[in-house]
Amino acid sequence: MNPEPFMRLMCLGCGFSYDEALGLPEHGLAPGTRWADIPETWVCPDCGTPKHMFEMVFIGYAEGGSDLASAA
Amino acid sequence: MSKSFIIRDHERGHDTIRSDGTRSSYIAGHPDGFVTRASSFNFHDYQSGRPGFGPVRVFGDEIFHGAGCGYNMHPHHNFVICAFVFEGQLTHINTAGEGMVDQLRAGDYYVFSAGSGGKHSELSVTSEDMHAIYLWLMPRQLFLPPTYHRAHFDYRRRRNTIVQLVGDADTALPIPQDLRVSRLMADAGRSFTYTLRSRGHGAYIFVREGSATVDGVALGRRDSAGFSDRDDPAITIDIGEDDSDIIVVETIMIDDDNIKAWEHDHAGH
């Protein structure tokens, strides 16, 4: 088994990021929730941009950033 | 292989966004305020154009009409947002760090890196229309500490020379990305060369006022062109009219699957 690496995505409306590894516990998405398993009707919790207007990114966190992201 | 594209003024996404109905929570200045926005790249309702250029996702040529018009407080993360003011007065308020209230006039510009999060509001508080170009780009790292920097471009003293406003030059505003924004105000008959940093860098060149022939391509007011993957790093800019005003965004061309897919589907565009 070689699981797919976790993806990071950024909202093109406001820059809010979704990290599959971290999920969004504050918004009911457990860590490890795959992007594909989030309903298509889901929208950015900050700005309401639809799910299809998020873009996958390959950008690392600044120091301490992943802790802040998991609490977003 | 060298790649280029042209976006004519009318090919941009042209939107008028009024401060009414549900939009009045987003657009300030109800009932008379409205924003006109010409987007070079896909943004909000405009989704039929190019997705971006390198890490750049928004190049918005905007006018706030009516006293009190602009954008009410709304949140951002990660995006680095730059504004360059050309007419009128822009009041910028952000909650990042200690918070900031700033007023920008013609020639002033800022770099707001939203990083780990902050809200901002952009308002024109005088009766004069406010004209600014907004540039948004993806940062080098996610959840950076938010920052705000601002400066002024003095066109009287910096004429007929390419001036780097944002980037790594002395006195340029710092930005957390391999990207430089330069401005050239110049007169008819003058010729300039913009030299790209490396083969991995490209340039998006926007003619705000006047006209210019850029790498052999004739560009009028509000036309623009992008150049990347060039054999020759030198891009020639021949100025067509007095008081021409050219914006050059040079950036690392990140390996972006969305942009590649779009270019594949729109080959020859």
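For the structure, check the block above.
Note that the structure is predicted; figures quoted are calculated from it, not measured.

Quick notes on the rules
Residues numbered from 1 in each chain as written. Chains lettered and ligands numbered in written order. Predicted model: local features only at pLDDT ≥ 70, side-chain atom pairs only at ≥ 80, totals over all residues. Heavy atoms only, no water. Helix = DSSP H or I, 4+ residues; strand = E, 2+ residues; numbered from the N terminus. Contact = heavy atoms within 4.5 Å. Buried area = accessible area lost by both parts, 1.4 Å probe. Salt bridge = Lys/Arg side-chain N within 4 Å of Asp/Glu carboxyl O. Nonpolar A, V, L, I, M, F, W, Y, C, P; charged D, E, K, R; others polar. Pairing = 2+ DSSP bridges. Phe/Tyr/Trp six-rings, centres within 6.5 Å; stacked < 30°, edge-to-face > 60°. Buried < 20%, exposed > 50% of the residue type's maximum accessible area, 1.4 Å probe, protein only.

Re unusual backbone geometry
Residues and elements named next belong to chain B. Look at the link from His30 to Pro31: it is a cis peptide, with omega at 5°. By the element assignment, Pro31 lies in the loop between strand 3 (27-28) and strand 4 (34-39). Located in the positive-phi region is His44, a residue other than glycine, with phi close to 50°.

Thoughts on the interface of chain A and chain B
Listed by partner, the interface residues are 21 residues for chain A and 20 residues for chain B. With both chains or domains summed, chain A and chain B bury close to 1800 Å², and 64% of this area falls on carbon and sulfur atoms. For the pair chain A and chain B, the interface holds one salt bridge. Taking the shortest distance from any N to any O, the salt bridge between Glu55 of chain A and Arg57 of chain B comes out at 2.9 Å. Elements supplying a minimum of two residues to the side of chain A that touches chain B: strand 1 (8-11), strand 3 (54-57), strand 4 (60-61) and helix 1 (65-70) of chain A. The class makeup of the residues in the side of chain A that touches chain B is 13 nonpolar, five polar and three charged. As defined by bridge partners, strand 4 of chain A adjoins strand 13 (residues 141-142) of chain B across two bridges and the pair is classed as parallel. Among the inter-strand pairings, Tyr61 of chain A is bridged to a residue of strand 13 of chain B, identified as Leu142 of chain B.

Section: the packing of aromatic side chains
A complete count under the given rule lists 19 aromatic pairs over all chains for this structure. Taken together, a centroid distance of 5.1 Å and an interplanar angle of 45° make the contact between Trp35 of chain A and Phe54 of chain A tilted. Taken together, the residues span a long stretch of sequence, with Trp35 of chain A in the loop between strand 2 (17-19) and strand 3 and Phe54 of chain A in strand 3 at a distance of 19 residues. By the burial criterion, Trp35 of chain A is buried, and Phe54 of chain A matches it. Between the aromatic rings of Phe84 of chain B and Tyr109 of chain B, the centroid separation amounts to 5.8 Å while the plane-to-plane angle is 20°, which identifies the pairing as stacked.

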